[in-house]
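Working through the structure, step by step
Chain residues, written in single-letter form:
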There are 2 protein chains.
Amino acid sequence: MDEAGQGDRPDGDGALFRAARIQDVARLADVSTATVSRALATPERVSPEARARVLEAIAKTGYVPNPAARTLRSQKTYMVLVVLPDLSNTFFSKILRGIEETLFEAGYGMIISDLDGSPAKEAHFAAFTAAGRVDGAILLNGHLFGQSRDGEGQPARITIPLVALCEAIPGADIPQIEIDNRAAASRMTQHLAGLGHSSIAYVSGPAINVLERERFQGFKEGLQAAGLPYDPALVIPGDYTIEAGVAAGERLVAQATRPTAVFCTSDEMAIGLMRTVLSAGLRVPEDISVAGFDDIDFAAVAEPSLTTIRQPRRELGQAAATALIDLLQGRTTPKRIRLETELVVRDSVAPLPR
Amino acid sequence: MDEAGQGDRPDGDGALFRAARIQDVARLADVSTATVSRALATPERVSPEARARVLEAIAKTGYVPNPAARTLRSQKTYMVLVVLPDLSNTFFSKILRGIEETLFEAGYGMIISDLDGSPAKEAHFAAFTAAGRVDGAILLNGHLFGQSRDGEGQPARITIPLVALCEAIPGADIPQIEIDNRAAASRMTQHLAGLGHSSIAYVSGPAINVLERERFQGFKEGLQAAGLPYDPALVIPGDYTIEAGVAAGERLVAQATRPTAVFCTSDEMAIGLMRTVLSAGLRVPEDISVAGFDDIDFAAVAEPSLTTIRQPRRELGQAAATALIDLLQGRTTPKRIRLETELVVRDSVAPLPR
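Because the structure is predicted, anything quoted here is derived from the model rather than measured.

Rules of the game
- Residues numbered from 1 in each chain as written.
- Chains lettered and ligands numbered in written order.
- Predicted model: local features only at pLDDT ≥ 70, side-chain atom pairs only at ≥ 80, totals over all residues.
- Heavy atoms only, no water.
- Helix = DSSP H or I, 4+ residues; strand = E, 2+ residues; numbered from the N terminus.
- Buried < 20%, exposed > 50% of the residue type's maximum accessible area, 1.4 Å probe, protein only.
- Contact = heavy atoms within 4.5 Å.
- Axes fitted to C-alpha atoms, helices over the stretch in contact; angles between N-to-C directions.
- Parallel < 35°, antiparallel > 145°, perpendicular 65-115°, else oblique.
- Left-handed = near helix turned anticlockwise from the far one by under 90°.
- Nonpolar A, V, L, I, M, F, W, Y, C, P; charged D, E, K, R; others polar.
- Core = buried A, V, L, I, M, F, W, Y, C linked by side-chain atoms within 4.5 Å.
- Pairing = 2+ DSSP bridges.
- Phe/Tyr/Trp six-rings, centres within 6.5 Å; stacked < 30°, edge-to-face > 60°.
- Lys NZ or Arg CZ within 6 Å of the ring centre and 35° of its normal.
- Domains from an automatic or database assignment.
- Buried area = accessible area lost by both parts, 1.4 Å probe.
- Salt bridge = Lys/Arg side-chain N within 4 Å of Asp/Glu carboxyl O.
- Expected span 1.5 Å × (residues − 1).
- Polar contact = N/O pair within 3.5 Å; in protein donor to acceptor, adjacent residues only side chain to side chain.

**Quick notes on the overall build of chain A**
Each helix and strand in chain A was counted, giving 12 helices and 12 strands. A buried classification covers 60% of the 354 residues belonging to chain A. Long-range pairs, those at least 24 residues apart, make up 73% of the contacts in chain A with a sequence separation of at least 6.

**Overview of the packing of helix α7 (residues 181–194) of chain A against helix α8 (residues 210–225) of chain A**
Residue and element names in this part refer to chain A. Where α7 meets α8, the axes come as close as 7 Å, and the angle between the chain directions of the two elements is 40°. It follows that α7 is oblique to α8 by the angle criterion. Two packed elements cross with a definite hand, and for α7 against α8 that hand is right-handed. Across from Asn181, Arg182, Ala185, Ser186, Thr189 and Gln190 in α7, the residues of α8 making contact are Leu211, Glu214, Arg215, Gln217, Gly218, Phe219, Glu221, Gly222, Leu223 and Ala225. Looking at the contact of α7 with α8 residue by residue, the class counts come to 5 nonpolar, 7 polar and 4 charged.

**Quick look at the nonpolar core**
Formed by 157 residues in total, the largest nonpolar core has its most connected members in A:Leu165 and B:Leu165. Setting aside anything within four residues of it in sequence, one finds B:Leu165 in contact with B:Ile95, B:Ile99, B:Ile138, B:Leu139, B:Leu140, B:Ile177, B:Leu316, B:Gly317 and B:Ala320. Judged by nonpolar contacts, the second largest core, of 44 residues, contains A:Leu115, A:Ile160, A:Ala172 and B:Val134.

**A few points about the sheet that holds strand β9 (residues 289–291) of chain A**
Residues and elements named next belong to chain A. Taken in spatial order, the 4 strands of this open sheet run β7-β6-β8-β9, and their pairing is parallel. Pairing within the sheet leaves two strands with one partner each, and these edge strands are β7 (235–236) and β9. Each of β6 (200–203), β7 and β8 (261–264) is contacted by α8, which is oriented at about 175° to β6, the strand it contacts most.

**What about the packing of aromatic side chains?**
Residue and element names in this part refer to chain B. What the rule picks out here adds up to 15 aromatic pairs over all chains. Note on Phe91 and Phe92: the rings are 5.3 Å apart at their centroids and 65° apart in plane angle, and the pair reads as edge-to-face. By relative accessible area, which is 7% here, Phe91 ends up buried. The aromatic ring of Tyr230 is capped on one face by Lys220, whose charged end is 5.3 Å from the ring centroid.

**Some points on the pairing of strand β3 (residues 136–139) of chain B**
All names here are of chain B. Side chains of β3 alternate between two faces, with Gly136 and Ile138 and Ala137 and Leu139 buried alike. As paired strands, strand β1 (residues 79–84) and β3 are joined by 4 bridges and run parallel to one another. Bridging from a neighbouring strand, Val83 pairs with Leu139 of β3. Note that β3 and strand β4 (residues 162–165) share 3 bridges and pair parallel. By the bridge assignment, Leu139 is partnered in β4 with Ala164.

**Thoughts on the domain arrangement of chain A**
Residues and elements named next belong to chain A. For chain A, the assigned domains read domain 1 (9–73), domain 2 (77–178 + 313–339) and domain 3 (181–312). Opposite the 8 residues of domain 1 that make contact, domain 2 presents 7 residues. For the pair domain 1 and domain 2, the two sides together bury roughly 540 Å², of which 49% comes from carbon and sulfur. Between the two partners, domain 1 and domain 2, sit 0 salt bridges. Taken together, the elements giving at least two residues each to the side of domain 1 that touches domain 2 come down to α2 (33–41) and α3 (48–61). Taken together, the residues that form the side of domain 1 that touches domain 2 break down as 4 nonpolar, 1 polar and 3 charged.

**Digging into the pattern of salt bridges**
Scanning the model with the defined rule gives 36 salt bridges over all chains in all. One salt bridge connects B:Lys335 with B:Asp173, and the closest N-O pair in it is separated by 2.8 Å. Of this pair, B:Lys335 sits in the loop between α11 (313–328) and β11 (336–339) while B:Asp173 sits in the loop between β4 and β5 (176–179), placing them 162 residues apart in sequence. A single network of salt bridges, built from pairs that share partners, joins A:Glu178, A:Asp180, A:Arg336 and A:Arg338.

**Section: the environment of B:Ala256**
Tracing the sequence through the fold places B:Ala256 in the loop between α9 (242–254) and β8 (261–264). Assessed through its relative accessible area of 80%, B:Ala256 is described here as exposed.

**Here we look at the pairing of β5(B)**
Residue and element names in this part refer to chain B. A two-sided burial pattern is seen for β5, the buried positions comprising Gln176 and Glu178 on one face and Ile177 and Ile179 on the other. As paired strands, β4 and β5 are joined by 2 bridges and run parallel to one another. Paired with Leu165 across the strands is Ile177, a residue of β5. Sheet analysis places β5 next to β11, joined by 4 bridges and oriented parallel. In the sheet register, Ile179 faces β11, and the bridge partner there is Leu339.

**Examining unusual backbone geometry**
Of note, the amide linkage connecting A:Val284 to A:Pro285 takes the cis form, showing an omega dihedral of 10°. Backbone geometry places A:Asp30, a non-glycine residue, at a positive phi of 60°. A:Asp30 sits in the exposed class, given a relative accessible area of 64%. Residue B:Tyr240 is not a glycine yet carries a positive backbone phi of 80°. Of note, B:Tyr240 is situated in the loop between β7 (235–236) and α9.

**Brief notes about the sheet that holds strand β6 (residues 200–203) of chain B**
All names here are of chain B. Strand order in this open sheet of 4 strands is β7-β6-β8-β9, and the pairing throughout is parallel. Strands at the two margins of the open sheet, each flanked by one partner only, are β7 and β9 (289–291). As paired strands, β8 and β9 are joined by 3 bridges and run parallel to one another. Residue Ala261 lies in a different strand from β9, and its bridge partner there is Ser289. Together, β6, β8 and β9 form the strand contacts of helix α7 (residues 181–194), whose direction differs from that of β8 by roughly 170°.

**Notes on the side chain of B:Thr102**
Residues and elements named next belong to chain B. Considering the arrangement of structural elements, one finds Thr102 in helix α5 (residues 92–105). The exposure class of Thr102 is buried, given its relative accessible area of 17%. With sequence-adjacent residues up to four places away left out, Thr102 is seen in contact with Gln318, Ala321, Thr322 and Ile325.

**What about the environment of B:Ala320?**
Residues and elements named next belong to chain B. You can see Ala320 is positioned in helix α11. On the accessibility criterion, Ala320 (0% relative accessible area) is buried. Each C-alpha atom, one on Ala320 and one on Ile99, is 6.9 Å from the other, the two residues being 221 residues apart in sequence. Discounting chain neighbours no more than four positions away, the residues touching Ala320 are Ile138, Val163, Leu165 and Ile177.

**Looking at helix α8 (residues 210–225) of chain B**
Residue and element names in this part refer to chain B. Over its 16 residues, α8 extends 22 Å from the first C-alpha to the last, a length consistent with the 22 Å expected when each residue adds 1.5 Å. Turning to α8, its buried residues are Val210, Leu211, Glu212, Arg215, Phe216, Gly218, Phe219, Gly222 and Leu223. Looking at the packing, one finds that the buried side of α8 touches α7, β6, β7 and β8. The distance from a side-chain oxygen at the start of α8 to the backbone nitrogen of Leu211 is 2.7 Å, and the residue carrying that oxygen is Asn209.

**Focus on the environment of A:Ala168**
Residue and element names in this part refer to chain A. You can see Ala168 is positioned in the loop between β4 (162–165) and β5 (176–179). Residue Ala168 is classed as buried on the basis of its relative accessible area, which comes to 10%. Sequence separation of Ala168 and Ala254 is 86 residues, and the distance between their C-alpha atoms is 36 Å. When sequence neighbours within four positions are dropped, the list of residues in contact with Ala168 reads Gly142, Gln176, Glu178, Val210 and Arg336.

Pasting the structure below:
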C-alpha cells in the first residue's frame, strides 16, 4: 500500500499529478485568490458561505497551503483545544456541540483531548499547547496545565488564551464559566426534604473535584435550611461513574436501616444505583427516592425516569467558546459567568409515605 | 486581562521572563539536550519514561520549540486525527480510549473531531488534514474526505495514512477494522427466533449507513435461517439515537397487533424504546422482548438489563491505532481486520409465553 492510501489514485504506476495551486481553488470556489488567502489566514473576515466554498474547493483540489509558512506568517492555527477530564461521561456531549458550533461560526476548528488524569498525557498536551499548535484552549478538567486540582505545582507557562468551563479553577486569572453548583445541590436537598424525607443519603463525586466540594457544601446548606441534621454516616463516596453508583447501591441494600432518599451528584451514578436497588427487590420511588444531577440524555428514559438538576449544557459550551473567541480577537470578556440550572421533576422521587 | 491569561504572572507590571531554553528542559528532566530534541522530533526513539519526563519539563519551564521550524525539519506533527460521526453516542467512548492508549504508547497524541454530517466542517478538516497538521487519521464516519457515504464525489487528495474503523468504506484502499455486522445481526435474530418469537420487529439505523445495510442483511438472513418470512411492515426506521428509539416505541404501542420481540440495531434505541413501551403499561420482557446492539455502559444497568451484541470496543480502537502506527512507521498492515462480537444475554429478552 502506498503512503497516499487513497482509492482514487493509480496504484504505483508512477503517474504524476500536478500539484493544485491557489488559482485552481479560487476558480472552483468562484472567488478571487485573495479571498482564498483570506479564508485561510483570517477566516473571520470572510463570510461563512464563501469560507465553506473555499474549504470545499481546497478539499476537492487537494491544494496544500504550506502550513509552516502560514504559521510563521500569521502565527495562528485557527484551532482550539478542548480538554476533558473523562470523555466517557456522556454529560460532555452537548457541551462539546455548543463549543463546536460557536467556534466554527467564528472560523475556528475544535479538537478534543481527554487527559484522563494522566500526568504524561497532560505534559504532552501542555507542550503541544505551549508550542502554539492551537490558538487557545478550553479547560474542563479543573486545573491549569502543570498544576494539580488543588492548585499545587507551578502552572506551565502558556501564552495562548485559556478559558475554564464547568470545573472552576480557583485562583486562575482566566474567564470561568460555570453553574452555581452549591445552590443547585441545596435546592435538590430541600426538594427531597420538602417531600418529607429526613434521612437523605448523599453519593459524592471525587473529593479532589471542585464540583464535589461545591455540591457537598450545598447539600449541607440544604439540610440546614430544611432543619435537618447532617449525618456523615449518610455520605457515600463516589466518582460520577455508573460503576460508583452500582457500588453505592450495593452498600445501601446491605444496610439494616436505610435512608428514604438518595441524592446522587451525577445522573450516571443515579442510574447505576437505581439498577442495583431495583435488582435487590426494592422499589423506586416507593421504597427509596433517587435524585441525580446533570440531566444527561439517559435521565429522561431511565426506568423510572430520573428527577435531576438540568445543566444548560449547550449554552455552557457556547458561553465558553464565545469568551475564548473574544480573547482570541482582542476583546474583553467577563471573568466569571454563571448560568442558571433547573430542577427537573420526574418519577424517581416521591413524597415519603406516611 | 493580558493574553498570557495565567494567574502566576505579575499582572501588567512589565516584568520580563527569560525564555526557557532546551538546556533548562534537559536539566529539569535529567537527560541530555539530545534526548530532549529526540523526544520532540522522533519520540518513538525515546523510552516512554524519558519522554514523559521531557514533556513534563517542557510544560514546567514553558520551553517553546519552534513548531514551524520543527515541522519544516521533520515534516511530522506526532498527532493523529480521529473523525467521529456523532460524538454524543456513548458507544465511541471506549473505542477512543483504545485508540488513545495505543497511540500514546507509540509517541502520538490523539485529537478528535465530530464532523456531524456537516459538509462545511468536513471541508475544514479535510484542509486541516491535507495541510499536514496531523500525521494520520482514523475515520469512523464511513467515508473519505470529500466523498459521500455512498461513494459519490471525488475524494480529497490526502497524502497522509488513513484507517477506517467500524464503518467500512467500500472501495477505499486503506486498512479497514470492523466487526462482522451481518453475522452478529443474524445471530441475534436467530436467538430471538430460537426463543419462539416469530413476529420480530427491526428498528433500523440510517439507510445510508454501511452498518445498517450489513445489519439489515443479517436480520433477513437470520429470519431465513430460522424459517421465518420477512415482513417489511415490521421494519421501523431509526438512526441509532435514544429519540429514534422513543419514536419507534410510540409506533409499536399504537399498533393493534404487536410483534412479540424487537431487535433495535443500537442500545440507545433499545433503551429509548423500552422506556416508551414500559410507560404505556406493557411489560418487558413479558409482553415484548427487546434486544439491542453495541453493549454500551448503560446496557447492563438498564431496567430491565439489556440483551445485546457486545462489540469489543477497546480492542477495535487498539487495532485501528496499531494499523495506523504501522503505516506511519513504514510497516505494512492487513487491509481488513475483523474482530469477534459476543451475544450478551440479560433480562430484556425472554421466551415467547405459550
